[in-house]
Amino acid sequence: MPVIAILGAGPGMGLAIAKIFGRHGYRVALLSRNLAKQEPLVTELATRGIIAAAFRADARDRGSVASGLAAVKQRLGAIDVLEFSPAAGRLPLSSATGLTHENVRVWIDLYVHGAVAAVNHVLPDMLARGSGTILFTTSASSVHPAPRFGAVGAAMAWLRNWAYALHAAVAPRGVQVGHVAIGAFRPAALSDAIAPLYWELHTHRHEIEKVLLLDVADWLPQPPPPSRLLPATKSVR
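All residue numbers refer to position in the chain's written sequence, counted from 1. Selection of residues for local features in this predicted model requires a pLDDT of at least 70, selection of side-chain atom pairs for listing and counting requires 80 or more, and totals for whole chains, interfaces and linings are taken over all residues. Side-chain metrics in this entry use all non-hydrogen atoms of the structure; hydrogen atoms and water are not considered.

### Section: the nonpolar core
Thought 1: We call a set of buried residues a nonpolar core when its members are Ala, Val, Leu, Ile, Met, Phe, Trp, Tyr or Cys and they connect through side-chain atoms within 4.5 Å of each other. The rule is simple: take the accessible area with a 1.4 Å probe, protein chains only, and divide by the maximum for that residue type; under 20% is buried, over 50% is exposed, in between is partly exposed. In terms of nonpolar packing, the biggest core is built from 43 residues, with Leu31, Leu69, Phe84, Trp107, Tyr111, Ile134 and Phe136 touching the most fellow members.
Thought 2: The contact definition used throughout considers only heavy atoms, calling two residues in contact when any of these lie within 4.5 Å. The contacts of Leu69, once residues within four sequence positions are left out, are Ala5, Leu31, Ile79, Leu82, Ala118, His121 and Val122.
Thought 3: Ranked by size, the runner-up nonpolar core spans 31 residues in total, among them Ile20, Leu41, Ile194 and Leu212.

Written out as structure tokens, the structure is:
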């Protein structure tokens, strides 16, 4: 059975993605800072016939990411799909005019160094097999910069840029890389509707990105032409 590792798994998007892949025969590794919060998710997945296990990994700690993913491989086997969507917790949101080295660093550690650590752990095996999928999740500020998300938006934009570059580098070798940008302030309430986008990126391997804009006015200060918003989910090749 193939394995998906969800780094940053929680009761919203993480659980919804786990259910989608689990229905297709995947075993699920749920990784986050707090193992206790994962146990109810493991139990819920088990009631659906999905094999799942919880592992500790803090995306802000490169060593923790490596050890968590190593534990997944040891217990469940090789990781076929990595989904990276770390929870921000209570990290400070800093505007574009209020950036400091400190408030930028916390987001870079999360979305840049965390992603690099995770990918560096799983990519060599994927390239050796000639198969695998890496999926990144950000908010819409990675695509549509907003002043109040100066620090986090910049870090997420880096991750999006890398997703495109990485896709170009590894797609010819059988590895898919995709990015989902979610423009909604309460995505957990819509997680079951959003999760199928991840399966589409996993299976439609010519696609790189899905952009979902729900709270449009919050992300686009100037109303764009209708063609930019319809359909709500945009695929970029």
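Additional details are given in the paragraphs that follow.
### Let's talk about helix α1 (residues 13–23)
Thought 1: Counting from the N terminus, the helices are the DSSP runs of H or I reaching at least four residues and the strands are the DSSP runs of E reaching at least two. The buried count for α1 comes to ten of eleven residues, which makes it a mostly enclosed element.
Thought 2: Here α1 has its buried residues at Met13, Gly14, Leu15, Ala16, Ile17, Ala18, Lys19, Ile20, Phe21 and Gly22.
Thought 3: Looking at the residues trailing α1, positive phi occurs at Gly25, about 95 degrees.

### Side note on the pairing of strand β3 (residues 52–56)
Thought 1: Among the five residues that make up β3, four are buried, leaving the element largely enclosed by the rest of the structure.
Thought 2: Only when DSSP finds a minimum of two bridges between them are two strands counted as paired. Bridging between strand β2 (residues 27–32) and β3 involves five bridges; their strand directions are parallel. Pairing of Ala29 across the sheet is with Ala53, part of β3.
Thought 3: Assignment of crossover handedness uses the view with strands pointing away from the viewer, where a clockwise path from the first strand over the helix to the second indicates a right-handed crossover. Of the crossover connections in this fold, the one passing from β2 over helix α2 (residues 35–47) to the parallel β3 is right-handed.

### As for the pattern of salt bridges
Thought 1: Take a side-chain nitrogen of Lys or Arg and a carboxyl oxygen of Asp or Glu: if they are within 4 Å of each other, that pair is a salt bridge. Taken as a whole and assessed by the stated rule, the structure comprises nine salt bridges.
Thought 2: Arg105 is the salt-bridge partner of Asp109, the closest N and O atoms lying 3.4 Å from each other. Taken as a pair, Asp109 and Arg105 lie in helix α4 (residues 101–129) at a separation of four residues, close to a single helical turn.
Thought 3: Looking at Arg105, the relative accessible area reads 46%, which means it is partly exposed.
Thought 4: A salt bridge links Glu207 to Lys210; the nearest nitrogen and oxygen atoms lie 3.5 Å apart. Accessibility assignment for this pair places Glu207 and Lys210 in one class, buried.

By themselves these figures say nothing about function.
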